[in-house]
Amino acid sequence: MAVSHDDGAPGRGDDATDDGARVSLSAHLRAAAQRAGIGQVAPGEVPTAGALLKAIGGVRGLVESILPGLLFVVVYTLTRELVPSVVIPVVVAVLFVAARAVRRGPIAQALAGVLGIAISAALALITGRAEDNFVPGFFINAGSLLVMLVSIAARWPLIGVIVGLLTNEGVEWRRDRAKRRVLTLATLLWAGLFAARLAVELPLFFAGEVAVLGAVKLIMGVPLYAMLLWVTWLLVRTVYAGRQATARTSGSETRD
């Protein structure tokens, strides 16, 4: 009779498999954090203009992020016509993806951008209201705000989680009061950005100020994102560089 081992205690092979799965998950999460904007500068390092440009996708990424929205504002302001105002940005975004594909560049982020623009355009075309082109963005900002606030309320500020992945220190930052305060502050600042976008843009949406809303969305988009990313880098650098200096000083005193 065959003896089943399913009900027995897990062996070493099971433990190794579990450990491997945890390591793999941690590696994937860390890789994702490194690809994010904040991951372009290691905690403790001095941020540079080059790192900031890379974080927003380089010159090409900057153009791909701004041009569709700018075209919407220009075309709508000049024509007051819904169809060309929402269709032209979609066509331009598709051309950006095609150009990346021809050059065999990364297209995942560009495809995500096309999808977002297409959904916004489709919603506006279905309702016949140009201002509905901005509705998906409101949900994205509201969702991002909620995530930030929940992470702060749970005492696991999202910026802290990301920095913990980048430094490979896991959750050790939570045991350091200075780090925890700075990372909570950084998360609160990001929550403030999403809240500010909603506070400024929603009244314009309900007032039907489509062209003004489009312009404000551009201003509060990449420029404010880049500015807050720089501030976040500086905050993180301050606390991590300070801790590294303290560790070096303690090590030197111990040797002496």
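Please read these numbers as outputs of a predicted model, since none were measured by experiment. (Residues numbered from 1 in each chain as written. Predicted model: local features only at pLDDT ≥ 70, side-chain atom pairs only at ≥ 80, totals over all residues. Heavy atoms only, no water.)

Peer 1: I would appreciate a short explanation of the overall build of the chain in the present structure.
Peer 2: Looking only at helices and strands, one finds ten helices and zero strands in the chain. The N-to-C order of helical and strand elements in the chain reads α-α-α-α-α-α-α-α-α-α. Looking at the chain as a whole, 34% of its 256 residues are labelled buried. Considering only contacts within the chain whose residues lie at least 6 apart along the sequence, 70% involve residues at least 24 apart. Taken as a whole, the chain presents about 15,100 Å² of accessible surface, with 66% of it coming from carbon and sulfur. (Helix = DSSP H or I, 4+ residues; strand = E, 2+ residues; numbered from the N terminus. Buried < 20%, exposed > 50% of the residue type's maximum accessible area, 1.4 Å probe, protein only. Contact = heavy atoms within 4.5 Å. Areas by Shrake-Rupley, 256 points an atom, 1.4 Å probe, with all protein chains shown as cover.)

Peer 1: I'm lost on the pattern of salt bridges in this one. Help?
Peer 2: Two side chains with opposite charge may pair up if their charged atoms get near one another. Scanning all chains against the criterion turns up five salt bridges. Ionic pairing is found between E131 and R129, a salt bridge with its closest N-O pair at 3.4 Å. A residue is classified by how much of its surface remains accessible, and E131, at 14% relative accessible area, is buried. Given a relative accessible area of 37%, R129 falls into the partly exposed group. A salt bridge links E169 to K179; the nearest nitrogen and oxygen atoms lie 3.3 Å apart. Taken together, the residues span a long stretch of sequence, with E169 in the loop between helix 7 (158-167) and helix 8 (177-207) and K179 in helix 8 at a distance of ten residues. Relative accessible area serves as the criterion here: at 18%, E169 is assigned to the buried category. Because the salt bridges share partners, they merge into one network encompassing R129, E131 and D132. (Salt bridge = Lys/Arg side-chain N within 4 Å of Asp/Glu carboxyl O.)

Peer 1: What's the story with the environment of I88 in this structure? I'm lost.
Peer 2: Tracing the sequence through the fold places I88 in helix 4 (residues 82-102). C-alpha separation for the pair I88 and V75, spaced 13 residues apart in sequence, amounts to 8.5 Å. Excluding anything up to four places from it in sequence, I88 contacts L71 and V75.

Peer 1: Would you mind going over the side chain of E169 with me for this structure?
Peer 2: Looking at E169, its side chain comes within polar contact range of the side chain of Y240, at 2.3 Å. With near-sequence residues (within four places) excluded, E169 lies in contact with G164, K179 and Y240. (Polar contact = N/O pair within 3.5 Å; in protein donor to acceptor, adjacent residues only side chain to side chain.)

Peer 1: Is there a simple way to think about the side chain of R197 in this case?
Peer 2: The topology assignment puts R197 in helix 8. Despite its burial, R197 remains without a salt bridge, the nearest opposite charge being carried by E201 at 5.4 Å. Discounting chain neighbours no more than four positions away, the residues touching R197 are N141, L202, M220, G221 and Y225. (Lys, Arg positive; Asp, Glu negative; His and termini not counted.)

Peer 1: I would appreciate a short explanation of helix 3 (residues 58-79) in the present structure.
Peer 2: Within an α-helix, residues lying three or four positions from one another point in the same direction, as the helix has 3.6 residues per turn. With 22 residues, helix 3 ought to run about 32 Å at 1.5 Å a step, and its terminal C-alpha atoms sit 32 Å apart, in line with that. In the structure, helix 3 departs most strongly from a straight axis at L67, where the bend amounts to approximately 30 degrees and where the proline P68 lies between one and four residues downstream. Taken together, the buried positions of helix 3 are G58, G61, E64, P68, F72, V73, V75 and Y76. At its buried positions, helix 3 is contacted by helix 2 (49-55), helix 4, helix 5 (108-127) and helix 9 (210-219). One or two positions beyond helix 3, positive phi appears at R80, with a value near 60 degrees. (Expected span 1.5 Å × (residues − 1). Bend = angle between axes of the 7 residues up to and from the residue.)

Peer 1: Please explain the nonpolar core as it appears in this structure.
Peer 2: As a rule of thumb, nonpolar side chains are buried together in soluble globular proteins. Grouped together as the largest cluster of nonpolar side chains are 47 residues, with contacts concentrated most on I38, W190 and W233. Here I38 is in contact with I159, I162, V163, L166, L229, T232 and W233, once residues within four sequence places are set aside. (Core = buried A, V, L, I, M, F, W, Y, C linked by side-chain atoms within 4.5 Å.)

Peer 1: It is not clear to me how the packing of helix 3 against helix 9 should be interpreted in this structure. Could you clarify?
Peer 2: One can describe the packing of helix 3 onto helix 9 by two numbers: an axis separation of 9 Å at closest approach and a directional angle of 160 degrees. Between helix 3 and helix 9, the crossing angle belongs to the class labelled roughly antiparallel. For the element pair helix 3 and helix 9, the recorded crossing hand is left-handed. Counting all contacts with helix 3, which are made through I66, G69, L70, F72, V73, Y76 and T77, the residues of helix 9 involved are V210, A211, G214, A215 and L218. Partitioning the contact of helix 3 with helix 9 into residue classes produces nine nonpolar, three polar and no charged. (Axes fitted to C-alpha atoms, helices over the stretch in contact; angles between N-to-C directions. Parallel < 35°, antiparallel > 145°, perpendicular 65-115°, else oblique. Left-handed = near helix turned anticlockwise from the far one by under 90°. Nonpolar A, V, L, I, M, F, W, Y, C, P; charged D, E, K, R; others polar.)

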